Amino acid sequence: MSARDTILQRVRTALGAAGGDAARSRAVAARLAEAPAGIVPARGRLDGKARTDLFVEMAEKAAATVQRVRKPDSVPRAVAAYLRGRNLPAAVRMGDDPRLAAMPWDKVRALEIGRGAADPDDEVGVSHAYAGIAETGTVMVHSGADNPTGINFLPEHHIVVVDAADIEGDMEAVIARVRAGFGKGTMPRSLNLITGPSRSGDIEQTLLLGAHGPRAVHLIVIG
Amino acid sequence: MDIRSPAFKQSARAALSDAQLQRALGNVRTGFIDKRRQAVDALPEFDALRDSAKAIKDHTLAHLDLYLEAYEAKATEAGGHVHWAETAEDARRIVLDICRAAGARTVTKGKSMITEEIDLNAFLEAEGIRPVETDLGEYIIQLRNEHPSHIIAPAVHLNKDQVESDFRRVHDHLPAARDLSEPAALLGEARRVLRSQYFAADVGITGANFLVAETGTSIIVTNEGNGDLTQLLPRVHVVVASIEKLVPTLEDASQILRVLARSATGQDMSVYTTFSTGPRRPGDPDGPEEYHVVLLDNGRSSMLGSEFQDMLRCIRCGACMNHCPVYHAVGGHAYGWVYPGPMGAVLTPSLIGVDKSGHLPNASTFCGRCEAVCPMRIPLPKMMRHWREREFERGLNPAAQRYGLGLWAFFARRPRLYRFATSLAVPALAAMARGRGAFRRLPLAGGWTRHRDLPAPESRTFMQQWRDRSAGGETAAARGPEGLA
Ligand code: SF4
């Protein structure tokens, strides 16, 4: 018998379950099909501006910095201002995300834009969030041809653009969005929930920002 | 890793007189408890979420065979390779074969207790493959040739001057005059040293906090970002996960995530929660070309259907050890195997056998704090008691204890006699303590009083006081379990 069959057989024996028990199979199929939501905290049940405000508040609590702009066209200038404010070289890495590509990057002079997968020497990466979660101040980005995953982890500074219309109150609403966007039971290769900059408390439980991932996460919220 | 659990008493004694260790353990007593409390207080639904999380795992465990099959089908559909391992040895073999096929010389590792459980590093090294731990705490203890002393804070037993001297010893290519006095300098140095390792590695190995049956996804939850670089940059990603990591759906993972970070570090959400499904897709600019999952049993299936099944709900948050007075006193290494604290005292005998785990089920004061804080509502004290019973049945405990318990049982089965005897003994003990409230030494109780005081009883027995209190309407039970914390 294969290891697989041995383990499954052991599990069945321990549970006192027969292989072809239809009631058990139905229970499992129903749970997978219906995906019940469980307890969703009331905290995120907000609309419009109140929801965006909670998102900003929670993101700042997680040590992200947040800047709000009115429209997508303002993003390149906001990025340039961030770089200047921190004395960073005028260079960013970004993927080919169409929402980012549609922004007027030519309006900021001398900004060098690297395309494709991130490089260990990149200081600043720019991503566009697929969604935000107000409950915890989290952004969600995912892999794909236009979204190299390394941009989230390799640069020292990670700038994430979030459209306020993509901010949901809670994680369950974001899961529903993923299901609608990718199809039930289907996922992008990598789906990353990011809540603030990387950190470690491994030395004497002293919390330090900037472990192996970015030292700073800057969110630019549109709208 | 050698099993040193039967030496718990000696190890605990050594730990108590280790000044460095005692200083470091102060960080557990202060840091984790307050942070958890604040995060829990800020979420009114926390206890309801605990019930929900428990129900999810109970349902999953009751249908584990079916969820494993569903998970395997989805993971395979996404291009992943699912391997099944009955034992630690099988899992090591499978990982080695994957590494060999990839021509691996160096593997990076994200923090994972399961690879500690199967002692993967020593095995790979013996086979000529260099494992590099990338989590800061794991990296530090790997340099010291030690094992984690805590399941989420592996180097919590160390102080920063110890880390500094290890870095100076190992990173000898760096200038000797550099300043490493601050933790930030140590972290920066580890970051720079490890950066090159991620790119040099041929295989990246991580654990999983959850496996999602609905989508064939593995989830890791981290703060440092090392786990993500470990699984992103090498050509091959291997996930090692035990079979009880399954949850049915993304919503179920979300429920448990809400209690995990709060219970572990007091965060509302860890920095990185990463869902991985299969290898790099066509057109993807990065990501591993191969994605493997090793599903490990290693004793779990024999816990199913037993009085220890509840332990399989454990999500490895560490809250039980953070709140344990025994752990606070002796640290994690004294427990002598991979899993320390209350969860280790239950899990170790389940996984390696009660005969090899010595006194671990007795490494408890039965204060109940672990159960009060466990997000998965695992009845840890009750299960430690089960192990004590089994230990007793099999005659594994010392003769004096067996005799003492036998004597106690004689009285306990005769309640009137018991009450009469205690009504004599309690005032006598109270008088002997002469109002100091505690004994530093007591004849026949040296095992207890050597390292702690024995509180002296008040001059009336519990039963006598209970009758008075019940008459007055106040009962201890009214405070509820959190009142213990
Ligand atoms: S037993 Fe409970 S408290 Fe302890 S690590 Fe497991 S889930 Fe956390």
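Note that this is a predicted model, so its numbers are computed, not measured. (Residues numbered from 1 in each chain as written. Chains lettered and ligands numbered in written order. Predicted model: local features only at pLDDT ≥ 70, side-chain atom pairs only at ≥ 80, totals over all residues. Heavy atoms only, no water.)

**Q** Can you help me understand the state of the cysteines in this one?
**A** Covalent bonding between the sulfur atoms of two cysteines defines a disulfide. Residues and elements named next belong to chain B. The tally for this structure, following the rule as stated, stands at 0 disulfides over all chains. Of the cysteine sulfurs around C367, a residue in no disulfide, the closest is that of C370, at 6.3 Å. For C367, a relative accessible area of 33% gives the class partly exposed. (Disulfide = S-S within 2.5 Å. Buried < 20%, exposed > 50% of the residue type's maximum accessible area, 1.4 Å probe, protein only.)

**Q** Would you mind showing me how to read the nonpolar core here?
**A** As a rule of thumb, nonpolar side chains are buried together in soluble globular proteins. Core analysis: the largest hydrophobic core is formed by 105 residues, its most contacted members being M311(B) and M343(B). The residue makeup of this core includes at least three contributed by each of domain 1 (32-298) and domain 2 (303-393) of chain B. Every residue in contact with M311(B), bar those within four places of it in the chain, is listed here: M303(B), M343(B), V346(B), L347(B), I378(B), L380(B) and M383(B). The next biggest cluster of nonpolar side chains, apart from the first, holds 46 residues, and it includes V66(A), I151(A), F153(A) and V193(B). (Core = buried A, V, L, I, M, F, W, Y, C linked by side-chain atoms within 4.5 Å. Domains from an automatic or database assignment. Contact = heavy atoms within 4.5 Å.)

**Q** Just checking my understanding: could you explain the interface of chain B and chain A for this structure?
**A** Size of an interface, as often reported, equals the accessible area lost when the parts are brought together. Counting from both sides, the interface comprises 100 residues of chain B and, opposite them, 76 residues of chain A. When chain B packs against chain A, the two sides together hide about 7200 Å² of surface, and 58% of this comes from carbon and sulfur. Between D268(B) and K61(A) there is a salt bridge whose closest N-O contact spans 2.9 Å. Counting across the interface, chain B meets chain A through 42 residue pairs in polar contact (both at pLDDT 80 or more). Counted by class, the side of chain B that touches chain A contains 49 nonpolar, 27 polar and 24 charged residues. Direction of pairing for strand β9 (residues 190-194) of chain A relative to strand β9 (residues 272-276) of chain B: antiparallel, over a ladder of 5 bridges. Directly across from I194(A), in β9(B), lies its bridge partner Y272(B). (Buried area = accessible area lost by both parts, 1.4 Å probe. Salt bridge = Lys/Arg side-chain N within 4 Å of Asp/Glu carboxyl O. Polar contact = N/O pair within 3.5 Å; in protein donor to acceptor, adjacent residues only side chain to side chain. Nonpolar A, V, L, I, M, F, W, Y, C, P; charged D, E, K, R; others polar. Pairing = 2+ DSSP bridges. Helix = DSSP H or I, 4+ residues; strand = E, 2+ residues; numbered from the N terminus.)

**Q** What am I meant to see in the confidence of the model for chain B here?
**A** Counting all residues, the mean pLDDT for chain B is 87, and 81% of those residues have values of 70 or more. Reported for the predicted complex are a pTM of 0.88 and an ipTM of 0.97. (pLDDT = per-residue confidence, 0-100.)

**Q** Sorry if this is basic, but what is going on with the environment of K61(A) here?
**A** Residues and elements named next belong to chain A. With respect to the element layout, K61 can be found in helix α3 (residues 48-61). A relative accessible area of 56% places K61 in the exposed class. Spatially, the C-alpha atoms of K61 and A80 are 24 Å apart, while their sequence positions differ by 19 residues.

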